[in-house]
Amino acid sequence: MGMGSDNAAFPFAATTTSPRFCNPISHRRIFSDVAEDVTVSVDGQSFLLHKFPLVSRCGRVRKMLVDSKDPDLLKLELVNVPGGAFAFELAAKFCYGSNFEITTGNVAHLRCVAEYLEMTEDYKEENLIFRTEAYLNEIVLKNLDKSLEVLCKCDGLDPIVEEVGLVDRCVDAIATNASKEQLVSGLAHLECNVGSGKLHTHPQDWWIEDLSALRIDHYRRVIAAMRRNGVRPESIGTSITHYAQISLKGVERRHVWDSGPFVGDDQRMIVETLIDLLATENITTVTLSFLFGMLRMAIEVDASLDCRIEVEKRIGLQLEMASLDDLLIPSTQTSDSMFDVDTVHRILVNFLQRIDEDDSGELSPCGYDSDGMKSPSHSSVLKVGRLMDGYLAEIAPDPYLKLQKFMALIELLPDYARIVDDGLYRAIDIYLKAHPSLTESECRKLCKLIDCQKLSGDASSHAAQNDRLPIQMVVRVLYFEQLRLKTSFSGGGCGGDGGLSQRFMCSSSGVPSSCVSPQRDNYASLRRENRELKLEISRMRVRLTELEREQGLMKQQGMRGGDGRHGEVNGRAFLASLSRGFGRITMFGGPEKGRRKKSSRSSQGSEAKNNRRRQHKASFAYD
């Protein structure tokens, strides 16, 4: 054929640069020594050619001349030619035996135009279809980067490029070669540290950046094929991240006051496809910052609700690792608040659902949490609690933030998510200051969300002098502060007794004890009972202090006889009731010990029980 090359079977160049397209001229002569006898029109360009070279290799041209029944037909018009005038010119040169090179830049066009012109072996041996197939099988599909380049050149060749299976073959070749390269690279760079016996791999996935040049539908098929061929999820996650950064970097942020469309369907399709890839291919190796970036981008391009929900669920799985800046998502609604509070609310719901699932599956067979307060799920809840307090303080100054949305975020977190309520108090105080138009009932409703017992001394002092708080809130703060002082002076407190450690008593965080029932309902009831017992013990301690004070006064006044004995009886009755309360608490840690009763104490129990009832009734006067 007169085509010089390094391979006798098919010509190709050492470089992979694409040949030049034909110039936009009205007529083109392949040879000038023989008069042309047919004009072929392709995409508005006319080629002056000869019938014999075309008929000898192109089945479509032969059929057109035969069907016309006009031996003197002078003009042919070809429509929907894959590759247009550029591809047809190369095919015409092939028919004439002109010298040109088959490369990765033109083989896709040649294969498709050969299929269109029906250049099969039925008309000539080693026709254009045969030549392009040989080049694809022996050169392109055995090499990853050449397969990538050919796949990029398939754009605009639909639907013939799909009919000949060129896209599928390139996709499979890319996935297979990438899997092989990862295996070979991993083995080649495998290092063994003799001292520690640790293995270190240094993979080099150079193809990650090259995949970003693919069309989004082709990219999706490549990623799916890579997963089937066992390519590492870490490499695929990195590739998705890089593809998003390259293809979406031109999308600008829309401000709250902007309206109307600002991006085309291409960006929306890219966002939805990448998010769908994360779900269908179960890619969990992307970073949390990338997920927040995709969520912001999905909001910007107005992606489907399913895509946004998918990203929100993935963020909820690792919300404890998020930062405050991640949650500050601007709102795109002009009539709403400055920040997208609804999205954060849904993310928090997903996080709490994950915590519930973890708690129900992490309990030991005996029904107790082995780590107690330091369990992973509880640590995550505490981190998210601090994060949400910071978020509430950031959005509180927004004058457009509705009270219902603000309260919904506060109520969503459980009580044990906050060690102290100082952060929550600060956020509510900021909201009250930024919304002076709130009614008194709305202020009371909002302030009821603060647990005054979990305020620090500084926060309680500030709240007692805060004019923005309703009077009921101030009274509660003063009451619990006074109760705390009484307990402190009487030597009480949660950490005062060595026998009542934080494992079985209250902690400063107000978090439930580590005694966990296999069922969450039982766990909640134990928490309530534990709080009641703690309150009862505090009251008994206050009463004991009063009795000791009365006894001291009696001694000073020289009172003896029955009155002194009466004080001693009351003191013994109180100590008996106190020890009985201790027995109820230790029953959480050891049920069998709580059930063991000695019959020798039954005779003394009735009198002590009556005295305890009288003392306990009197103690409620301090509540």
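Residues numbered from 1 in each chain as written. Predicted model: local features only at pLDDT ≥ 70, side-chain atom pairs only at ≥ 80, totals over all residues. Heavy atoms only, no water.

**Quick notes on the overall build of the protein chain**
Here's step 1: Across its full length, the protein chain carries 26 helices and 5 strands.
Here's step 2: By residue count, 44% of the 623 residues in the protein chain fall in the buried class.
Here's step 3: The long-range fraction of contacts in the protein chain, counting pairs at least 24 apart against all pairs at least 6 apart in sequence, stands at 71%.
Here's step 4: Here the protein chain displays about 32800 Å² of accessible surface, and carbon together with sulfur accounts for 51% of that area. (Helix = DSSP H or I, 4+ residues; strand = E, 2+ residues; numbered from the N terminus. Buried < 20%, exposed > 50% of the residue type's maximum accessible area, 1.4 Å probe, protein only. Contact = heavy atoms within 4.5 Å. Areas by Shrake-Rupley, 256 points an atom, 1.4 Å probe, with all protein chains shown as cover.)

**Some remarks on the packing of aromatic side chains**
Here's step 1: Counted under the stated rule, the structure contains 4 aromatic pairs.
Here's step 2: Ring centres of tyrosine 219 and tyrosine 243 lie 4.2 Å apart, and the angle between their planes is 20°; on these two criteria the pair is classed as stacked. Of the two residues, tyrosine 219 is situated in helix H10 (residues 216-228) and tyrosine 243 in helix H11 (residues 233-247); the sequence distance between them amounts to 24 residues. The exposure classification of tyrosine 219 matches that of tyrosine 243, with both residues buried.
Here's step 3: Relative to phenylalanine 480, the ring of tyrosine 479 has its centre 5.1 Å away and its plane inclined at 70°; by these criteria the two rings are edge-to-face.
Here's step 4: Overall, the relative accessible area of 28% leaves tyrosine 479 in the partly exposed class.
Here's step 5: On the basis of relative accessible area, phenylalanine 480 is assigned to the partly exposed category, the value being 21%. (Phe/Tyr/Trp six-rings, centres within 6.5 Å; stacked < 30°, edge-to-face > 60°.)

**Re the sheet that holds strand S3 (residues 75-78)**
The strands making up a sheet associate through backbone hydrogen bonding, with each pair oriented either parallel or antiparallel.
Here's step 1: Taken in spatial order, the 3 strands line up as S2-S1-S3 in an open sheet, and their pairing is mixed. This sheet does not close on itself; its edge strands, each paired only once, are strand S2 (45-49) and S3. Mean inter-strand twist for the sheet, computed between neighbouring axes without regard to direction, equals 25°. (Pairing = 2+ DSSP bridges. Axes fitted to C-alpha atoms, helices over the stretch in contact; angles between N-to-C directions.)

**Brief notes about the nonpolar core**
Here's step 1: Tyr219, Met226, Leu274, Leu319, Tyr391 and Phe406 are the most contacted members of the largest nonpolar core, which has 146 residues in total.
Here's step 2: Per element, the largest residue contribution to this core is 10 residues, and it comes from helix H3 (residues 84-96).
Here's step 3: In this structure, methionine 226 is in contact with Ile174, Ala175, Ala178, Trp207, Leu211, Val231 and Ile236, ignoring residues within four places of it in sequence. (Core = buried A, V, L, I, M, F, W, Y, C linked by side-chain atoms within 4.5 Å.)

**Quick notes on unusual backbone geometry**
Here's step 1: In this model, aspartate 158 is joined to proline 159 through a cis peptide bond whose omega is 0°.
Here's step 2: Note that proline 159 resides in the loop between helix H6 (144-152) and helix H7 (160-163).
Here's step 3: Phi angles above zero are rare outside glycine, and asparagine 80 is one such case at about 55°.
Here's step 4: Relative to the assigned elements, asparagine 80 resides in the loop between S3 and H3.
Here's step 5: For glutamate 126, which is not glycine, the phi torsion reads 50° and is therefore positive.
Here's step 6: With respect to the element layout, glutamate 126 can be found in the loop between helix H4 (107-117) and helix H5 (128-140).
Here's step 7: Using a relative accessible area of 41% as the deciding quantity, one classes glutamate 126 as partly exposed.

**Concerning the pattern of salt bridges**
Here's step 1: Counted under the stated rule, the structure contains 20 salt bridges.
Here's step 2: In this structure, arginine 169 engages glutamate 133 in a salt bridge whose closest nitrogen and oxygen atoms are separated by 2.7 Å. Here arginine 169 is found in helix H8 (residues 166-188), whereas its partner glutamate 133 is found in helix H5, with 36 residues between them in sequence.
Here's step 3: Judged by relative accessible area, arginine 169 falls into the partly exposed class, the value being 22%.
Here's step 4: On the basis of relative accessible area, glutamate 133 is assigned to the buried category, the value being 17%.
Here's step 5: Arginine 220 serves as the salt-bridge partner of aspartate 276, at 2.2 Å between the closest nitrogen and oxygen. A residue pair is termed long-range when its members are at least 10 positions apart, and aspartate 276 in helix H12 (residues 265-280) and arginine 220 in helix H10 qualify at 56 residues.
Here's step 6: Relative accessible area serves as the criterion here: at 27%, aspartate 276 is assigned to the partly exposed category. (Salt bridge = Lys/Arg side-chain N within 4 Å of Asp/Glu carboxyl O.)

**Topic: the packing of helix H13 (residues 288-300) against helix H14 (residues 305-316)**
Here's step 1: Two elements in contact, H13 and H14, have axes separated by 10 Å at closest approach and are oriented at 155°. As far as their axial angle goes, H14 and H13 are roughly antiparallel. H14 is crossed by H13, and the crossing has left-handed handedness. For the pair formed by H13 and H14, the contact residues are Leu288, Leu291, Phe292, Leu295, Ala298 and Ile299 on the first element and Arg308, Val311, Glu312, Arg314 and Ile315 on the second. (Parallel < 35°, antiparallel > 145°, perpendicular 65-115°, else oblique. Left-handed = near helix turned anticlockwise from the far one by under 90°.)

**Quick word on the side chain of serine 380**
Here's step 1: Positionally, serine 380 belongs in helix H17 (residues 376-395).
Here's step 2: Aside from chain neighbours lying at most four places away, what touches serine 380 is Glu320, Phe351, Arg354 and Ile355.

**Points about the confidence of the model for the protein chain**
Here's step 1: Looking at the protein chain, pLDDT values average 75 and 65% of them are 70 or higher.
Here's step 2: Averaged pLDDT values for the elements of the protein chain fall to 39 in helix H25 (residues 591-595) and rise to 95 in H4.
Here's step 3: Counted against residues more than four places away or in other chains, residues 254-262, with its pLDDT under 50, gives 13 contacts.
Here's step 4: When the criterion is pLDDT under 50, residues 362-374 qualifies, and its contacts beyond four places in sequence or with other chains add up to 25 contacts. (pLDDT = per-residue confidence, 0-100.)

**A look at a negative patch on the surface**
Here's step 1: Taken together, Asp145, Glu181, Glu209 and Asp210 make up a surface patch of like negative charges.
Here's step 2: Position of aspartate 145 relative to the elements: it lies in helix H6.
Here's step 3: Accessibility expressed as a relative area gives 39% for aspartate 145, which makes it partly exposed. (Patch = residues over 30% accessible without salt bridge, like charges linked within 9 Å, V, L, I, M, F, W, Y side chains within 5 Å. Lys, Arg positive; Asp, Glu negative; His and termini not counted. Charge placed at Lys NZ, Arg CZ, Asp CG, Glu CD.)

**As for the environment of proline 330**
Here's step 1: In this fold, proline 330 is placed in the loop between helix H15 (324-327) and helix H16 (341-362).
Here's step 2: Since its relative accessible area comes to 25%, proline 330 is described here as partly exposed.
Here's step 3: In this structure the C-alpha to C-alpha distance between proline 330 and isoleucine 299, which are 31 residues apart in sequence, comes to 9.5 Å.

**Examining the state of the cysteines**
Here's step 1: Applying the stated rule across the entire model yields 0 disulfides.
Here's step 2: With no disulfide of its own, cysteine 112 lies 6.5 Å from the sulfur of cysteine 154, the closest cysteine sulfur.
Here's step 3: Residue cysteine 112 is classed as buried on the basis of its relative accessible area of 0%.
Here's step 4: Just so you know, cysteine 170 is unpaired, no disulfide at all, and the nearest cysteine sulfur is the one on cysteine 154, 5.2 Å from it.
Here's step 5: Given a relative accessible area of 0%, cysteine 170 falls into the buried group. (Disulfide = S-S within 2.5 Å.)

**Section: the pairing of S2**
Here's step 1: Most of S2 is tucked away, with 5 of its 5 residues classed as buried.
Here's step 2: Side chains of S2 alternate between two faces, with Gln45, Phe47 and Leu49 and Ser46 and Leu48 buried alike.
Here's step 3: Here strand S1 (residues 38-42) hands over to S2 after 2 residues, with aspartate 43 in that stretch at a positive phi of 55°.

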